[in-house]
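So you can see what is in the structure, the chains are spelled out below.
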Amino acid sequence: MDEGYLDQFVSLFDQYDVLGAFWVNIQLTAYAAVLALVIGTVLAVMRISPVPSLRWAGTTYVTLLRNTPLTIIIVFCVLGLWGQLGITLSSDFQTNFFRLAVLGLAVYHAAFVCEALRSGVNTVPVGQAEAARAIGLGFWPAARLVILPQAFRGAVAPLGNVLIALIKNSTVAAAGSVAETSGLMKTMIEFRPDVILAVFLTFAIGYVIIVVPVGLATTSLSRRLAVAR
Amino acid sequence: MADSITAEPGPADVDTRPTGEPLLVLDHVDKHFGALHVLKDVNLTVHRGEVVVVIGPSGSGKSTLCRTINRLETIDSGTITIDGRPLPAEGRELARLRADVGMVFQSFNLFAHKTVLENVTLGQVKAKGVKPATAKATAMELLERVGVANQAQKRPAQLSGGQQQRVAIARALAMKPKAMLFDEPTSALDPEMINEVLDVMVSLARDGMTMVVVTHEMGFARRAAHRVVFMDAGQIVEEAEPETFFTAPRSDRAKDFLSKILTH
Ligand SMILES: Nc1ncnc2c1ncn2[C@@H]1O[C@H](COP(=O)(O)OP(=O)(O)OP(=O)(O)O)[C@@H](O)[C@H]1O
Ligand SMILES: [Mg+2]
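Residues numbered from 1 in each chain as written. Chains lettered and ligands numbered in written order. Predicted model: local features only at pLDDT ≥ 70, side-chain atom pairs only at ≥ 80, totals over all residues. Heavy atoms only, no water.

Asks: Looking at this structure, how should I read the packing of helix H7 (residues 139-154) of chain A against helix H8 (residues 156-169) of chain A?
Replies: Packed helices, taken two at a time, are described by their axes: the angle between them and the distance between them. All names here are of chain A. Where H7 meets H8, the closest approach of the two axes is 5 Å, and the angle between their N-to-C directions is 65 degrees. Across the interface between the two elements, Phe152, Arg153 and Gly154 from H7 touch Val156, Pro158 and Leu159 from H8. Its residues assigned to classes, the contact of H7 with H8 comprises 4 nonpolar, 1 polar and 1 charged. (Axes fitted to C-alpha atoms, helices over the stretch in contact; angles between N-to-C directions. Helix = DSSP H or I, 4+ residues; strand = E, 2+ residues; numbered from the N terminus. Contact = heavy atoms within 4.5 Å. Nonpolar A, V, L, I, M, F, W, Y, C, P; charged D, E, K, R; others polar.)

Asks: How should the environment of His216 of chain B be read in this particular structure?
Replies: All names here are of chain B. The topology assignment puts His216 in the loop between strand S8 (210-214) and helix H7 (218-224). Taking the relative accessible area as the measure of exposure, His216 reaches 35% and is therefore partly exposed. Each C-alpha atom, one on His216 and one on Val54, is 8.3 Å from the other, the two residues being 162 residues apart in sequence. Engagement of the side chain of His216 in a polar contact is seen with the backbone oxygen of Gly56, the distance being 3.2 Å. (Buried < 20%, exposed > 50% of the residue type's maximum accessible area, 1.4 Å probe, protein only. Polar contact = N/O pair within 3.5 Å; in protein donor to acceptor, adjacent residues only side chain to side chain.)

Asks: Can you help me understand the packing of helix H9 (residues 181-191) of chain A against helix H10 (residues 196-225) of chain A in this one?
Replies: Residue and element names in this part refer to chain A. Where H9 meets H10, the axes come as close as 9 Å, and the angle between the chain directions of the two elements is 170 degrees. The orientation of H9 with respect to H10, classified from their angle, is roughly antiparallel. Considering the relative orientation of H9 and H10, their crossing is right-handed. Between H9, through Thr181, Leu184, Met185, Met188 and Ile189, and H10, the contact on the second element is made entirely by Ile196, Val199, Phe200, Phe203 and Tyr207. Partitioning the contact of H9 with H10 into residue classes produces 9 nonpolar, 1 polar and no charged. (Parallel < 35°, antiparallel > 145°, perpendicular 65-115°, else oblique. Left-handed = near helix turned anticlockwise from the far one by under 90°.)

Asks: Got a minute to help me understand the UniProt feature "domain: ABC transmembrane type-1" (unreviewed entry) in chain A in this structure?
Replies: The UniProt entry lists residues 22-218 of chain A under the feature "domain: ABC transmembrane type-1" (unreviewed entry), expressed in the numbering used here. In this annotation, residues 22-218 of chain A is assigned 81% helix and 0% strand; the end-to-end C-alpha distance for the span is 21 Å. (UniProt positions renumbered as here; feature names shortened; annotations may be inferred.)

Asks: How should I be thinking about the pairing of strand S3 (residues 51-55) of chain B in this particular structure?
Replies: As a general feature of sheets, a regular strand has side chains that alternate between the two faces. Residues and elements named next belong to chain B. Taken across its 5 residues, S3 has 5 buried, putting it largely inside the fold. Neither face of S3 is exposed, since Val51, Val53 and Ile55 on one face and Val52 and Val54 on the opposite face are all buried. Here S3 pairs with S8 via 4 bridges, running parallel. Looking across to S8, one finds that Val51 is bridged to Met211. (Pairing = 2+ DSSP bridges.)

Asks: Would you explain the nonpolar core in this entry?
Replies: Note that soluble globular proteins tend to have their nonpolar side chains buried in a common cluster. With 52 residues, the main nonpolar core has Leu143, Ile169, Met180, Met211 and Phe220 of chain B as its most contacted residues. Looking at this core element by element, the count peaks at 9 residues for helix H6 (residues 191-206) of chain B. Residues Ala132 and Ala142 of chain A together with Val101 and Met231 of chain B belong to the second largest nonpolar core, which totals 45 residues. (Core = buried A, V, L, I, M, F, W, Y, C linked by side-chain atoms within 4.5 Å.)

See below:
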């Protein structure tokens, strides 16, 4: 049977829930991004803090997580945390896998968020911290009110890069038995080898549609939020 | 001896005389940066209401002296006392004592992401727990006083250097400090803006603020200072009334230094 190109796509979308799979990746990304931002911020504060043991802990975390393949972290979350240690994040089977994958994605990308934020901290002149201390703010209030707000603005572009990496890396959640795009793609290749090009194009274009606006948005945001000095 | 304060403060221009009660006391203060001995057995007493100008060649330790007084730099030995209380090493107590001593930097260091008004309210609200409305009223009053009230909603980068420095003075005053430190407050300014900042400082001095001012502006020293402290190579070499110091310096190092800055 000789379908037209458009018909091939239509039949794929009819047969499989492509949009649903993308939606899973978007959700994985969204939850992991928020969690990674929180963990990454805490790590960054630890790494710039005056307490040596906190700095050491932060550095160790970043070094360990940044240099471990994501697949291993995700597999560890599922097989290690759940399979071995019996840690469940939900009584529902699917939700449990989803949350474990979010956790894995978050702890991994938190290391990169931390480094992006530290590059943002480096855009803040020392004088800002000294002025904050001079008006009687302690380390934590100075970090929260003066340093971090400026660091975030200086880190929008690198944080955007982390987000883009996270979107694409969310496909690794398949290794944690989460039904998402890369898993679906494998299934489609298996059962519809006749339209393999359409399958590839579907996912490639899908990711381009998601990632390109994120890149554009963070670039314009970083310009708009830049602190004038 | 450098620590025997003999100069009788009180130039004609300043109405409020120091009461003579010691407010900032540096006693045998030593500091190194690695192998570099930046402060050598520094003894300095600044009395309430007194205006002290610190002068000296580049690298003589003037900034370091200022910065040790509110502990932006640690000291190796000796003691620094603010209004009878020794400066603690760390923590909440230190933060509180820091707010007692206002600091004005050469590079202004206004919080770049905040408006002018927020710059002046931030410390009041977050370090002193003043109610936002009260803090705002105080801030507007101070901005009025330094002549930049009409810029309250702008960001620092939108202001001229002179305006920024006046905001920085207002920010420091908002903490109701017992003393103010100025580290070359006009050296980053274009010449036409220097006076607007110096005028604010002179009026502060007349209101009886205790001030330590690192500056080479002899005009300011003559108009407002009670005492000039001359530093060289980490030591206080000479102290005198401004007029005496500028016209009849005693030490050779001061003579040499003055001859250099006066020929320019
Ligand atoms: N953080 C630092 N680390 C190492 N050395 C320093 C540091 N800060 C200052 N110094 C050195 O200490 C000495 C005194 O510096 P300081 O800034 O107090 O001098 P200054 O009198 O303020 O000079 P200037 O008129 O140039 O501002 C200089 O030799 C300087 O190079
Ligand atoms: Mg200096």
